[in-house]
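If you want the building blocks of each chain, they are given just below.
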Amino acid sequence: MSPATRCDVIVIGGGSAALEAGIAARQAGAGSVVLLEKAPQHESGGNAQFSHVGFRFVHSGAQELRQFFPALDETIFRRMQIPVYTRQDFIDDLNRVTQSRIDPVLAECLVDNSNAAVTWMRDIGIVWEPEKMTEVDGKLYLPGGHHIHPIGGGPGMLQQLRDIAFNKSGVEIRYESRVRMMHGNERKVDGVRVSTPDGEYDLAARAIIVCSGGFQANTAMRARYLGANADLMKVRGSKHNTGEVLHMLLDLGVRPAGHWQGAHMSPIDLKAPDVETPAMSDGRGNSMNRYDYQFGITVNALGERFFDEGEAKHAYTYAKTGRAVLQQPGGIAYQLYDQTGIDLFRHGRDYPATMVEAPTLAELAVKIGVEPEPLLRTVENFNAACRTDVAFMPGELDGKGTRGIGPRKSNWAMPLTRGPFRAYPITAGITFSFGGVQVDPQARVINTNLQPVEGLFASGDIIGLFFHNYPSCTGQTRNAVFSLLAGRNASALLKRN
Ligand SMILES: Cc1cc2nc3c(=O)[nH]c(=O)nc-3n(C[C@H](O)[C@H](O)[C@H](O)COP(=O)(O)OP(=O)(O)OC[C@H]3O[C@@H](n4cnc5c(N)ncnc54)[C@H](O)[C@@H]3O)c2cc1C
């Protein structure tokens, strides 16, 4: 039977933003909602398949979060240290990491709707657990700003969302259905051309919600927009995020927004596959992240440091550190640790990593192919610059920085003295691109005349929102906020005339 060629709402994509938008549209009264997913069924789900999907949102602390894990043992819950995350905290984090370039109206929209959107996810049936905790003196500490994630990580969340969308809400999904053309103009859209293995057809709808992700898996677009050698980066997530729908929208006259030369780029194992870094089977996220750089130093192939490894907690620096690595000779670098640093690893314990070990730094330099003399000079200078008058406190910004060297290390500066020493070779891994389309706080897509395009809404990575950097775990919350708005407003449009 050939597929229906008309529906109420088309959602483009099969990732978390698309599933949430489809559910929201049906809940708000849309009769027929069709998700068009380019990927085949076994590859469907976009970036969340490779993630542990932490959520950053405004909340009032332990008692409120208790509602997200009612089955959690009370003795464990009492040991958990859950700080309040206020509206101002979230706004300040967004402004600081984006260097105040984030659209203030959209930032407020994200922050002010964050709690309601995550609560909506809980209400529709998503089951949660606390983020990974660190135990100190019997107390369990959670990372700053993001405290919960769905059970089973990204794959678990997608499974739950699919059940809610397809089995409980009547959303239809069509796999291997690539949108290759948008029907309409900069004033109004009314359908798409769908390309399938069997041919092409047109699907018409009064409303279209675009959730087709960023352009990070498109080497040509990376090279064009993200600068020198950006085409060589590893892609941490889905290979299907190739940006063609984004291009269609720009051609239609949609206004670009966000940082078009910027992207979420983090340090990753040099041996990571070119695309789709494997996720850990227990839902704790991506297996090739190299996020423990704050407990050592990072040098390039010339043996030189090139960024402040202790600027802030990794949640506020990891998404820009990949860019710093990409800009080094050959686009690679080495994270160096002594035994003190290795003992402090938070991320690196969980999975095997590419690593070289040697009893002395000189031998380590030879093993990784870096000239020993400059590397030893770098370590000597670093060791001599580490402050000794400040206590080392790995869980907080301790101010134990360096003095008199550049780049400085602002916190957690401990001399590298206890062998054997290790080097972890890394490169840049791209998570998602920051350049996208302009939306308003109703998730309506805006054209270059600054008017909403009738019938067109967007959510997820295709929205242009971030600049320079990103506070960890904001993407999923943004998805929930804008998908809910898009689904509801698309349905409201159907009722208008
Ligand atoms: C390794 C990793 C870890 C992450 N960890 C976190 C985290 O802990 N917390 C957090 O908040 N964020 C995290 N993120 C970021 C965030 O999860 C994603 O960026 C987010 O899932 C984006 O959702 P999306 O639905 O917009 O895009 P995606 O999930 O990427 O989905 C895009 C969909 O569009 C489809 N598509 C593309 N082109 C077409 C077309 N032409 N026609 C039809 N369909 C098309 C794709 O097949 C895909 O299904 C992580 C990302 C990665 C890769």
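Residues numbered from 1 in each chain as written. Predicted model: local features only at pLDDT ≥ 70, side-chain atom pairs only at ≥ 80, totals over all residues.

### Some words on the overall build of the protein
Argument step 1. Summing up its helical and strand segments, the protein has 13 helices and 22 strands in all.
Argument step 2. Taken over the C-alpha trace, the protein has a radius of gyration of 23 Å; the compact-globule value for 497 residues is 23 Å, and the two agree within 12%.
Argument step 3. For the protein, the C-alpha atoms occupy an extent of roughly 75 × 50 × 40 Å along the three principal directions.
Argument step 4. The burial tally for the protein puts 51% of its 497 residues in the buried class.
Argument step 5. Within the protein, contacts between residues separated by at least 24 positions form 76% of all contacts whose residues are at least 6 apart in sequence. (Helix = DSSP H or I, 4+ residues; strand = E, 2+ residues; numbered from the N terminus. Rg over C-alpha atoms; globule rule 2.2 N^0.38 Å. Buried ≥ 20, exposed ≤ 12 C-beta atoms within 10 Å, placed from the backbone. Contact = placed C-beta atoms within 7 Å.)

### Considerations on the sheet that holds strand β6 (residues 134-136)
Argument step 1. In spatial order, the strands read β4-β7-β6; together these three strands make up an open sheet with mixed pairing. At either end of the open sheet lies a strand with only one pairing partner, and these are β4 (80-81) and β6. (Pairing = 2+ DSSP bridges.)

### A look at the packing of helix α1 (residues 16-27) against helix α13 (residues 475-496)
Argument step 1. Contact geometry of α1 with α13 gives a least axis separation of 7 Å together with a crossing angle of 35 degrees. Once α1 is placed against α13, the crossing between them reads as right-handed. In this structure, α1 contributes Ser16, Ala17, Glu20, Ala21, Ile23, Ala24 and Ala25 to the contact, and α13 contributes Gln476, Asn479, Ala480, Ser483, Leu484, Ala486, Gly487, Arg488, Ala490 and Ser491.
Argument step 2. Here the contact of α1 with α13 is composed, by residue class, of nine nonpolar, six polar and two charged. (Axes fitted to C-alpha atoms, helices over the stretch in contact; angles between N-to-C directions. Left-handed = near helix turned anticlockwise from the far one by under 90°. Nonpolar A, V, L, I, M, F, W, Y, C, P; charged D, E, K, R; others polar.)

### Examining helix α5 (residues 104-124)
Argument step 1. If you check α5, its first and last C-alpha atoms are 30 Å apart, about what 21 residues at 1.5 Å a residue would give, namely 30 Å.
Argument step 2. Along α5, the largest kink reaches about 50 degrees and is centred on serine 114.
Argument step 3. When we look at burial in α5, the residues that qualify are Leu106, Cys109, Leu110, Val111, Asn113, Ser114, Ala117, Val118 and Met121.
Argument step 4. Residues of α5 that are buried in the fold lie against β3 (55-56), α4 (87-97) and α13.
Argument step 5. Looking one or two residues past α5, glycine 125 carries a phi angle of roughly 125 degrees, positive in sign. (Expected span 1.5 Å × (residues − 1). Bend = angle between axes of the 7 residues up to and from the residue.)

### Regarding the site of the ligand
Argument step 1. Gly15, Gly46, Gly213, Gly237 and Gly460 are the nearest of the 42 residues found near the ligand.
Argument step 2. The set of elements that each furnish at least two residues to the shell around the ligand consists of α1, β10 (178-184), α8 (244-252), β19 (421-433) and α13.
Argument step 3. For the shell around the ligand, the class distribution of residues is 13 nonpolar, 23 polar and six charged. (Near = placed C-beta within 6 Å.)

### Overview of the pairing of β19
Argument step 1. Along β19, 12 of the 13 residues are buried, which leaves the element largely enclosed by surrounding structure.
Argument step 2. One ladder, built from two bridges, connects strand β13 (residues 234-235) with β19; its direction is parallel. Paired with valine 235 across the strands is isoleucine 430, a residue of β19.
Argument step 3. Pairing between strand β15 (residues 263-269) and β19: seven bridges, direction antiparallel.

### Regarding the nonpolar core
Argument step 1. With 132 residues, the main nonpolar core has Val9, Ile10, Val11, Ile208, Ile209 and Ala458 as its most contacted residues.
Argument step 2. Counting contributing residues per domain, this core is built from domain 1 (6-59 + 96-125 + 151-261 + 435-496) and domain 2 (263-429), each supplying no fewer than three.
Argument step 3. Isoleucine 209 has contacts with Val9, Val11, Ala21, Phe457, Ala458, Ser459, Ala486, Gly487 and Ala490, leaving out every residue within four places of it along the chain. (Core = buried A, V, L, I, M, F, W, Y, C linked by C-beta atoms within 7 Å. Domains from an automatic or database assignment.)

### A look at the domain arrangement of the protein
Argument step 1. According to the domain assignment, the protein consists of domain 1 (6-59 + 96-125 + 151-261 + 435-496) and domain 2 (263-429).
Argument step 2. For domain 1 and domain 2, the distance between their C-alpha centroids amounts to 34 Å.
Argument step 3. Counting from both sides, the interface comprises 28 residues of domain 1 and, opposite them, 24 residues of domain 2.
Argument step 4. Those elements giving two or more residues to the side of domain 1 that touches domain 2 turn out to be α6 (153-168) and β13.
Argument step 5. It is α6 that contributes the most residues to the side of domain 1 that touches domain 2, four residues altogether.
Argument step 6. A breakdown of the residues in the side of domain 1 that touches domain 2 according to their chemical character gives 11 nonpolar, 14 polar and three charged.

### Points about helix α11 (residues 361-368)
Each α-helix winds once per 3.6 residues, and so residues spaced three or four apart point in a common direction.
Argument step 1. Buried within α11 we find Leu361, Leu364 and Ala365. Within α11, the buried residues cover an arc of 100 degrees as seen down the axis, which keeps them to one side.
Argument step 2. Of the surrounding secondary structure, the elements contacted by the buried residues of α11 are β18 (356-358), α12 (372-385) and β19.
Argument step 3. A positive backbone phi angle near 80 degrees is found at glycine 369, which sits one or two residues after α11. (Arc of directions from axis to C-beta.)

### With respect to the sheet that holds β3
Argument step 1. On the basis of which strands lie adjacent, the open sheet formed by three strands has the order β3-β8-β5 and antiparallel pairing. In this open sheet, the two edge strands, each paired with only one partner strand, are β3 and β5 (128-130).
Argument step 2. Where β5 and strand β8 (residues 146-150) come together, three bridges link them in antiparallel fashion. Each residue of the ladder has a partner; that of proline 130, found in β8, is isoleucine 148.

### Structural notes on the environment of lysine 320
Argument step 1. Within the element layout of this structure, lysine 320 appears in helix α9 (residues 318-326).
Argument step 2. For lysine 320 and alanine 263, which are 57 residues apart along the polypeptide, the C-alpha to C-alpha distance reads 8.0 Å.
Argument step 3. Excluding anything up to four places from it in sequence, lysine 320 contacts His468 and Asn469.

### Quick notes on the environment of glutamate 276
Argument step 1. Looking at the secondary structure, you find glutamate 276 in the loop between β15 and β16 (297-299).
Argument step 2. Overall, glutamate 276 belongs to the buried group, with 20 C-beta atoms counted inside 10 Å.
Argument step 3. For glutamate 276 and asparagine 286, which are 10 residues apart along the polypeptide, the C-alpha to C-alpha distance reads 9.4 Å.
Argument step 4. Contact partners of glutamate 276, with chain neighbours within four places excluded, come to Phe50, Gly237, Ser238 and Lys239.

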